[in-house]
Structures are given as structure tokens and as C-alpha cells.
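# Examination of the molecular architecture
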Amino acid sequence: MGKKIIQISDVHFGDITFSEVLKSNLLAQLEDANPDLLIFAGDLTASGFFHEYGEACEFVDELQSITQAHLIPGNHDVRNVGLVHFENLVSKRKFVHTDKSSNFTIIGLDSSEADVSHGQIGRDQMDWLKSELAKIPDDRAKVVTFHHHIIPIPQTGRERNILLDSGDLMHVLTENGVDFVLNGHKHVPNVWMLNNMVVLNSGTATTGKLRGNMCASYNELEINDGEVLVNMVKTENGSKKQMAHYSMEVKDESFVIHSYTHNPIHTV
Ligand SMILES: [Fe+2]
Ligand SMILES: [Fe+2]
């Protein structure tokens, strides 16, 4: 059965460059797309303030009225003790979502740290991740989402804010057969594949906090009969650009990605 998953991040309610027009476009596009699931990969607000969460919660309610949405916090959401509001008003800091009909499980983690731009998963959460991954049967696709990037991304200038424990996390993810990682944070969409694991970053969906020639965007994953198609969707007009295409199957009782195409969206 076909599935459509939307990956959004970095809407930043309260930011000076936040665009109501882009927000309206985004919600209209999501209504039309009618996705089965939405993953929000952090940075709902600009500074974690209560009034920003007020507006953000209306947006989250609209997302939830369109489809099932899972959210995790970003570094901006926990500024100024904003994690209190995130947990009270929006969501828990981590989640596990299993879709038995399409045979995938998504685990969400909190990579944020109070009042700094960098982040980490930390030892306790790493242990929890390992135990949750161990519960997932090998024939199911494993997806993990957290806000900060785990590998440097092109066209983002000087590297900074990569997860402090990215090496250890990369080890845990690849050793436990994770197939897809969904991140936000850098406001630049990108796709990498490392050790047979796809790392997919979404841009900022609703702001002008853009680098170089990037535009406001989000990602759409279409899962159909042994393949996944990944599109970057421009929030301004809903136009799509294919970022990646994967073929996959369950082989010897294990889920494997057996071929892929990546279409570069950067000129470096
Ligand atoms: Fe952000
Ligand atoms: Fe961020």
C-alpha cells in the first residue's frame, strides 16, 4: 500500500523572517498532498518564548487536522527554558511510531541542549535508542529523526553545530541497520548515503533564513511497491524537485536498499 510522509523543519514562529504567506502555502499544499504521516524535525519557534509557542500550537493543530504528526524539539525551541512549553503544549521529546501496513518504524530523539546552537544525543538517550532499535524486526525499515545534522552539508559555510556525539550516533545507527535518518537545522535540503543509510535533511519551510540560492522548502517521501521517491517541495509555489529514488526489498528476512539515484540540488 502506498504511503506519503512529509518531513518538515525549521518553521521558526517568532522569527523576523517568518512568512505568513509561506505558512498558508504550506498548509494548503499539505491539504492537497493528503499525507499519511508528518514528521517535524525541530525548530518550531525562534526563541522558545511562550507567545511564540501560542502561534506555533495553532499551526501544530492545523497539521494534526491534516494528518498524524510527530514532532521533536530543535535548538531554538529550548532557548529561554522553552523546553517547558514544548513538553507542556506540543509533544514529548521523543517518540516511537510503527506503521505495520507499510512495514516501517520511526524513532524520534531530542538532540537539543539549553541555550546553545549545538546539540547531542547523550548517553542515556543513546541507550534508549539502542533498546528501541533492538525491538524492531529486521524485515522492517528503520527510520530515526532528530534535529541536528549528523554529517556536514554542502553550501552551509563553515561547519559548526554538528552533533557533538555524531560519531558514536553514526556507529549506533549503522550497526543497528537504520535505513533512513531525517534531520533539519541547517536550513539546506540535502541527501547523503553512508554505509547503506540515507541521511535526509529538510530546509526551512516558512522563513527567509536561507543560505545562498536556497529557497524555503520541505521534503516529501513517497513509498510505493518496494521504492521510495524523495522530493524537495518549494513552499513558495509547491513545485517539486526529485532529490532521490531508492529501490528496496526484504532479502533473507532483512530490509535492504539495493539501488539508489541521488540528484544533486547544489552547485558547489
Ligand atoms: Fe532552524
Ligand atoms: Fe536548529
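Presented here is a report on the structure given in the accompanying data block. Because the structure is predicted, anything quoted here is derived from the model rather than measured.

### Side note on the environment of Ser 202
Counting through the fold element by element, Ser 202 comes out in the loop between strand S9 (197-201) and strand S10 (217-224). Take Ser 202: there are 30 C-beta atoms within 10 Å of it, and that puts it in the buried class. When the C-alpha atoms of Ser 202 and Ile 6 are compared, they prove to be 9.9 Å apart, with 196 residues separating the residues in sequence.

### Considering the nonpolar core
Nonpolar side chains tend toward joint burial in soluble globular proteins. Among the nonpolar cores identified, the biggest contains 58 residues, and Phe 40, Val 144, Val 181, Val 198 and Leu 200 are the most heavily contacted of them. What Val 181 contacts, discounting residues up to four positions off in sequence, is Val 144, Ile 150, Leu 173, Met 197, Val 198, Val 199 and Leu 200.

### Let's talk about the sheet that holds strand S8 (residues 190-194)
Pairing in this open sheet of 6 strands is mixed, and the strands run S4-S5-S6-S7-S9-S8 from one edge to the other. Here the strands that pair on one side only, and so sit at the sheet edges, are strand S4 (95-99) and S8. The average undirected angle you get between the axes of adjacent strands in this sheet is 15 degrees.

### Section: the packing of helix H4 (residues 123-134) against helix H5 (residues 166-175)
At a minimum axis separation of 10 Å, H4 and H5 run at an interaxial angle of 10 degrees. Regarding the angle of H4 to H5, the classification is roughly parallel. Seen from H4, the contacting residues are Met 126, Leu 129 and Lys 130; seen from H5, they are Asp 168, Leu 169 and Val 172. Of the residues assigned to the contact of H4 with H5, the class counts are 4 nonpolar, no polar and 2 charged.

### Describing the sheet that holds strand S3 (residues 68-71)
The mixed open sheet is built from 7 strands, whose spatial order is S3-S2-S1-S10-S11-S12-S13. Taken across any chain shown, the strands that pair with only one partner, and hence form the sheet edges, are S3 and strand S13 (254-262). Averaged over all pairs of adjacent strands, the angle between their axes in this sheet comes to 20 degrees, without regard to strand direction. Of the pairings in the sheet, the one linking S10 to strand S11 (residues 227-234) comprises 8 bridges and is antiparallel in character. Bridge pairing links Asn 219 to Met 232 in S11.

What counts and what doesn't
Residues numbered from 1 in each chain as written. Chains lettered and ligands numbered in written order. Predicted model: local features only at pLDDT ≥ 70, side-chain atom pairs only at ≥ 80, totals over all residues. Helix = DSSP H or I, 4+ residues; strand = E, 2+ residues; numbered from the N terminus. Buried ≥ 20, exposed ≤ 12 C-beta atoms within 10 Å, placed from the backbone. Core = buried A, V, L, I, M, F, W, Y, C linked by C-beta atoms within 7 Å. Contact = placed C-beta atoms within 7 Å. Pairing = 2+ DSSP bridges. Axes fitted to C-alpha atoms, helices over the stretch in contact; angles between N-to-C directions. Parallel < 35°, antiparallel > 145°, perpendicular 65-115°, else oblique. Nonpolar A, V, L, I, M, F, W, Y, C, P; charged D, E, K, R; others polar.

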